[in-house]
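# Survey of secondary and tertiary structure
Listed below are the residues making up each chain.
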Amino acid sequence: YKYDYAGLYYDDTTKIFKIKIASLFPNDALFNGFIYIRDGLFCLNEVDLYVNKSALTMTDSFRINQKYKLIDSTHSVPVETMVEYTIKEGKVNYFITGNSVFYDYKFDEFPNIFRKSSLEKTRYQDGATDRDSVWWSKNRIIKLTEPEKIYSKYIDSLRLAYSSEEFVRKMD
């Protein structure tokens, strides 16, 4: 990679350095774009990266933007991630966007359940993967669009149908 200083801005009183990164080999599937680094701690504040279009085979474009937050002056953690990509299928282009929001970080809360060599610690609440659309409509940070609501309702109805006693009996 080639790194170039591209300027700075201030977040309150903290300098944020903007660094341009470029792949040395333009035909390789490597990232280009900008990384933003906090002065003093030299931790990430944001990344805005894309992959060379000429290197992509399955997609027409790929971009990731990730914002970070400094917690307790020692942990720079992602708080928002956006992934965008375009798939070309025949004469139709599909533009896909995925957004994730992260919050409520807790450090060293479960120190005994992870290996000492593990760099990343992840734990999900019991039942976190079993939430239905009613729960999500009350707790979702990024609201769904109308087509996403229709799709979510459809998926929920399939989940209920496939887990029903009647369906299970018919499968046996």
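Located above this text is the structure these notes cover.
Rules used throughout
- Residues numbered from 1 in each chain as written.
- Predicted model: local features only at pLDDT ≥ 70, side-chain atom pairs only at ≥ 80, totals over all residues.
- Heavy atoms only, no water.
- Helix = DSSP H or I, 4+ residues; strand = E, 2+ residues; numbered from the N terminus.
- Buried < 20%, exposed > 50% of the residue type's maximum accessible area, 1.4 Å probe, protein only.
- Polar contact = N/O pair within 3.5 Å; in protein donor to acceptor, adjacent residues only side chain to side chain.
- Contact = heavy atoms within 4.5 Å.
- Phe/Tyr/Trp six-rings, centres within 6.5 Å; stacked < 30°, edge-to-face > 60°.
- 1 Å grid on protein atoms, 1.4 Å probe; cavity = no way out; pocket = protein on both sides within 12 Å on 5 of 7 lines; lining within 4 Å.
- Points joined across faces, edges and corners; volume = space filled by probe spheres on them.
- Nonpolar A, V, L, I, M, F, W, Y, C, P; charged D, E, K, R; others polar.
- Pairing = 2+ DSSP bridges.
- Axes fitted to C-alpha atoms, helices over the stretch in contact; angles between N-to-C directions.

## Quick look at the side chain of T86
The residue T86 is located in strand β6 (residues 75-89) in this model. A relative accessible area of 12% means that T86 is categorised as buried. A polar side-chain atom of T86 sits 2.8 Å from a polar atom in the side chain of S61. The contacts of T86, once residues within four sequence positions are left out, are T59, D60, S61, N93, Y94 and F95.

## Some details on unusual backbone geometry
At D12, a position not held by glycine, the phi torsion is positive, near 60°. Structurally, D12 is set in the loop between β1 (2-11) and β2 (14-22). The exposure class of D12 is exposed, given its relative accessible area of 73%. Despite not being glycine, F42 has its phi angle at roughly 55°, a positive value. Relative to the assigned elements, F42 resides in the loop between β3 (31-38) and β4 (44-51).

## Quick word on the packing of aromatic side chains
Using the criterion set out here, one finds four aromatic pairs in the structure. Where Y1 meets Y3, the ring centres are 6.3 Å apart and the plane angle is 50°; that geometry is what we call tilted. In this structure Y1 comes out as partly exposed when scored by relative accessible area, which is 40%. For the pair Y162 and F167, a centre-to-centre distance of 4.9 Å together with 55° between the ring planes defines the contact as tilted. Here F167 falls in the partly exposed class, since its relative accessible area comes to 29%.

## As for the layout of surface pockets
Considering only enclosed or pocket space, the second largest pocket measures out at about 350 Å³ in volume. If you trace the second largest pocket, you find 15 residues lining it, with R140, Y151, S152, I155 and R159 closest to the centre. Elements with a contribution of two residues or more to the lining of the second largest pocket: α1 (133-139) and α2 (146-163). The leading source of residues in the lining of the second largest pocket is α2, at six residues. Taken together, the residues of the lining of the second largest pocket sort by class into five nonpolar, three polar and seven charged.

## Observations concerning the sheet that holds β6
Here we have seven strands laid out as an open sheet, ordered β1-β2-β3-β4-β5-β6-β7, and antiparallel in their pairing. At either end of the open sheet lies a strand with only one pairing partner, and these are β1 and β7 (92-101). In this sheet, adjacent strand axes meet at a mean angle of 10° when their direction is disregarded.

## A few points about the environment of S164
Structurally, S164 is set in the loop between α2 and α3 (165-171). S164 sits in the partly exposed class, given a relative accessible area of 26%. Separated by 77 residues in the primary sequence, S164 and I87 place their C-alpha atoms 36 Å from one another. Within polar-contact distance, the side chain of S164 engages the backbone oxygen of A161 at 2.8 Å. Within polar-contact distance, the side chain of S164 engages the backbone nitrogen of F167 at 3.2 Å.

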